[in-house]
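For reference, the chains in residue letters:
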Amino acid sequence: MMLRSCGKSLKDYPPMPRADTSLVPDIQNSLIHDELNYNKQSLAEEHVRLMSTMTSKQHKVYDTIMTRFNENKHGVFFLCGYGGTRKTFIWRVMPVALRSKGEIVLTVASSGIATLLIPGGRTTHSRFCIPLNVDEFSTCIIVPKCPLALLIQKANLIIWDEAPMMHKHLFSHGQLYVAISRVTSRK
Ligand SMILES: Nc1ncnc2c1ncn2[C@@H]1O[C@H](COP(=O)(O)OP(=O)(O)OP(=O)(O)O)[C@@H](O)[C@H]1O
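Rules used throughout
Residues numbered from 1 in each chain as written. Predicted model: local features only at pLDDT ≥ 70, side-chain atom pairs only at ≥ 80, totals over all residues. Heavy atoms only, no water. Core = buried A, V, L, I, M, F, W, Y, C linked by side-chain atoms within 4.5 Å. Buried < 20%, exposed > 50% of the residue type's maximum accessible area, 1.4 Å probe, protein only. Helix = DSSP H or I, 4+ residues; strand = E, 2+ residues; numbered from the N terminus. Contact = heavy atoms within 4.5 Å. Expected span 1.5 Å × (residues − 1). Arc of directions from axis to C-beta. Salt bridge = Lys/Arg side-chain N within 4 Å of Asp/Glu carboxyl O. Pairing = 2+ DSSP bridges.

Caption draft 1: A look at the nonpolar core. Y62, W91, M94 and L157 are the most contacted members of the largest nonpolar core, which totals 21 residues. Listed by contribution, the elements that provide at least two residues to this core are α3 (40-53), α4 (56-70), α5 (88-99), β1 (105-109) and β3 (157-161). Sorting elements by how many residues they give to this core places α5 first, with seven residues. Those residues in contact with Y62 that lie beyond four places of it in its chain are H47, M51, M54, V93, M94 and A97. Residues C140, I142, L151 and L170 belong to the second largest nonpolar core, which totals 20 residues.

Caption draft 2: Representation of α4 in the model. In this model α4 runs 20 Å from its N-terminal to its C-terminal C-alpha over 15 residues, within 8% of the 21 Å that 1.5 Å per residue would give. Where α4 is concerned, the buried positions are Q58, Y62, I65, M66 and F69. One face of α4 carries all of its buried residues, which in axial projection span an arc of 95°. Among the exposed residues of α4, those oriented more than 90 degrees off its buried face are S56, K57 and K60. Buried residues along α4 sit in contact with α3, α5 and β3. Within two residues after α4, N72 carries a phi angle of roughly 60°, on the positive side.

Caption draft 3: Main features of the pattern of salt bridges. Applying the stated criterion across every chain yields a total of three salt bridges. A salt bridge links R99 to E35; the shortest N-O distance between them is 3.9 Å. Taken as a pair, R99 in helix α5 and E35 in helix α2 (residues 30-36) lie far apart in primary sequence, 64 residues in all. Looking at R99, the relative accessible area reads 4%, which means it is buried. A salt bridge links E35 to R127; the shortest N-O distance between them is 3.3 Å. Pair noted here: E35 is in helix α2 and R127 is in helix α7 (residues 124-127), with a separation of 92 residues, a long-range link. Within the structure, one salt-bridge network assembled from shared partners comprises E35, R99 and R127.

Caption draft 4: Just the sheet that holds β3, in detail. Read from one edge to the other, the open sheet built from three strands follows the order β2-β1-β3, with strand pairing classed as parallel. Looking at strand neighbours, the two that pair on one side only are β2 (122-123) and β3, the edges of this open sheet. Across two bridges, β1 lies against β2 in parallel orientation. By the bridge assignment for β2, V108 is matched with R122.

The structure is reproduced here in structure tokens:
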């Protein structure tokens with residue numbers, strides 16, 4: 001599971017014995033399966049509860065992004081604000097709303113601690129195979145058509161908390177953008 005979430009498998013490490021895939025049905029799609037395996041009923045109830053506590057400013061951000069989403073249009077949104085101004089709370093509500101409808105939302109954060117604040121959160125490094133030491137020549141190696149690539153293709157929304165904490169090379173040379181574009185263009 002851990003290897004597959006990074007786009008690798010035991011066959012990438014030749015001395016390791018290989019698992020008998022016939023004993024594990026639908027093994028290729030387990031990443032997608034995990035993302036669709038939420039309890040929609042309880043998420044829908046949680047969504048109603050969380051929405052009732054949102055402030056008007058949070059509503060405005062939520063509505064702007066969800067309107068674009070519902071229009072089925074692409075978009076990149078940046079939400080900036082001082083610490084404690086209630087940004088992350090919106091990233092808690094949005095996945096709940098979309099997962100309750102069977103949509104795939106990838107929630108990532110730049111640090112392990114920050115992932116704990118968003119439901120189903122993973123570190124950006126682990127989810128997108130970002131090398132630990134990033135320089136201007138680094139690339140995110142996501143093998144086209146591997147389970148991770150298929151998951152990224154199917155994702156309806158990617159939420160990235162604390163994005164500016166990542167190394168500047170990841171943005172200035174667009175490595176992550178290139179890696180994601182590469183896999184999403186190979187349907
Ligand atoms: N609508 C809300 N109802 C109740 N509590 C809320 C609401 N919005 C935010 N909070 C709480 O306020 C606190 C700060 O919110 P949040 O973590 O979203 O801020 P932030 O802007 O993301 O902070 P940072 O920039 O430090 O990550 C948290 O404890 C959060 O649970």
